[in-house]
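Listed here are the chains, written in short residue letters.
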Amino acid sequence: MTKTKRSVTPSAAVLGARALNRATLERQLLLRRSPMSPVDAAGHLLGLQAQNVKPPYYALAARLDGFTPEALSRPMADREVVRIVTLRSTIHTHTVRDCLTLRPLVQPARDREINQFRAGLTGVDLDRLAALARELVETEPRTMGQLREALSAEWPDADPQALALAARCKLPLVQITPRGLWGRGGQVVLTTAEHWLGRPAEPAPATPGATVLRYLAAFGPASVKDMQTWAGLTRLRDAFERLRPRLVTFRDEGGTELFDLPDAPRPDPDTPAPPRFLPEFDNLLLSHADRTRVVPPEYRGRSWNGNVAHRTLLVDGFLAGLWRLDGQALVIEEFAPLGRARREKVTAEGERMLRVMHPDTAYDIRFGTVRG
């Protein structure tokens, strides 16, 4: 009996943590500042995490050359970018294109989210709720409180909070300005993306292939699980498999398969990475299942306290500490002593960040107690 000879696929190259770090930083515009406009950068990065108002501004200050807060605030006022719940059920600042396309892509996750509070929706027809909520917010933009009150009049036995949250899951609700503008106050007031932008939403794509390619361009090399973590979606393996002939593959040091675009930048692991001050919730730290490409294992969980995220400091490309503005002082907390040379570079970067973000305020810079 003749044995059939099996073909052997050459072993994929292994990318260590530093190689993955430098590749990701390059695509995240963090190895060197980019001349991109804020709108183009938001598109390239597939959105800016925006649970609070200020993080998108600090995120772009770390990434763009010549950035000023007004450079993002102006296109937001002009409806070129919007704040909307999309990835991971969190608020992001998105371009118009991504608002109208990414939200339909992640809609299945928003539909599943309703199961978390379905007990408060007994007897509620969700399609009818969505239609009524749309009519309400398109007639007049409303706060969540106003939406709760109006929907409760229709379903008095339902949980008011569950009604409003279900409406937010079912509809692409954007936060209208002045919410989100730099230096401006404003409560969260909602209407639909279609109404705010004067354009219809696009249908959900048949496959997420185009978004896979964009994700890799901004966050790769990455595994299937990485992208699922970023998007808050499941079952993306088939999309990667369909794209496999167009991609290259690697392995991380734990053996996980990583996919990438053939021509995407993968800098030398020894490429210098300047210090960077990042906001809380920066997507760099949230968009991979395995975050060791940015977060050293010994610092895992150190940038969070319960549900509160801290502003983070990168040194040599990796998480190295936290920072905060305390009165008129920039306080930098190191996880481990940085040494004189690195402190000088961190101080210079801190001075630059303060000139960009707070040009009219004089701040001292001091290094706080090393966190235990």
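Just above sits the structure.
## Describing the nonpolar core
Okay, step 1: Core analysis: the biggest nonpolar cluster contains 32 residues, and Phe67, Phe277, Met353 and Met357 have the highest contact counts within it.
Okay, step 2: Sorting the residues of this core by element identifies helix H2 (38-44), helix H3 (55-61), helix H4 (69-77), strand E12 (311-315), strand E13 (318-326), strand E14 (329-334) and helix H14 (340-357) as the ones contributing at least two each.
Okay, step 3: Apart from the residues within four sequence positions on either side, Met357 is in contact with Tyr57, Tyr58, Ala61, Phe67, Pro69 and Trp182.
Okay, step 4: With 26 residues, the next largest nonpolar core counts Leu46, Tyr215, Leu216 and Leu233 among its residues.

## Regarding the pattern of salt bridges
Okay, step 1: In this structure the tally under the stated criterion is 27 salt bridges.
Okay, step 2: A salt bridge links Arg311 to Glu280; the shortest N-O distance between them is 3.4 Å. Taken together, the positions of Arg311 in strand E12 and Glu280 in the loop between strand E9 (276-278) and strand E10 (304-305) put the pair 31 residues apart, joining distant regions of the chain.
Okay, step 3: Its relative accessible area of 16% is what places Arg311 among the buried residues.
Okay, step 4: Note on Glu280: relative accessible area 11%, which makes it buried.
Okay, step 5: Each of Arg18, Arg22, Asp316 and Arg342 takes part in salt bridges that share partners, so that together they form one network.

## Digging into the sheet that holds strand E15 (residues 364-367)
Okay, step 1: Spatially, five strands are ordered E9-E12-E13-E14-E15 in an open sheet, and the strand pairing comes out mixed. Strands with a single pairing partner mark the edges of an open sheet, and in this sheet they are E9 and E15. Along the sheet, successive strands turn relative to each other by an average axial angle of 30°, direction set aside.
Okay, step 2: Here E14 pairs with E15 via four bridges, running parallel. Among the inter-strand pairings, Val331 is bridged to a residue of E15, identified as Arg366.

What counts and how
Residues numbered from 1 in each chain as written. Predicted model: local features only at pLDDT ≥ 70, side-chain atom pairs only at ≥ 80, totals over all residues. Heavy atoms only, no water. Core = buried A, V, L, I, M, F, W, Y, C linked by side-chain atoms within 4.5 Å. Buried < 20%, exposed > 50% of the residue type's maximum accessible area, 1.4 Å probe, protein only. Helix = DSSP H or I, 4+ residues; strand = E, 2+ residues; numbered from the N terminus. Contact = heavy atoms within 4.5 Å. Salt bridge = Lys/Arg side-chain N within 4 Å of Asp/Glu carboxyl O. Pairing = 2+ DSSP bridges. Axes fitted to C-alpha atoms, helices over the stretch in contact; angles between N-to-C directions.

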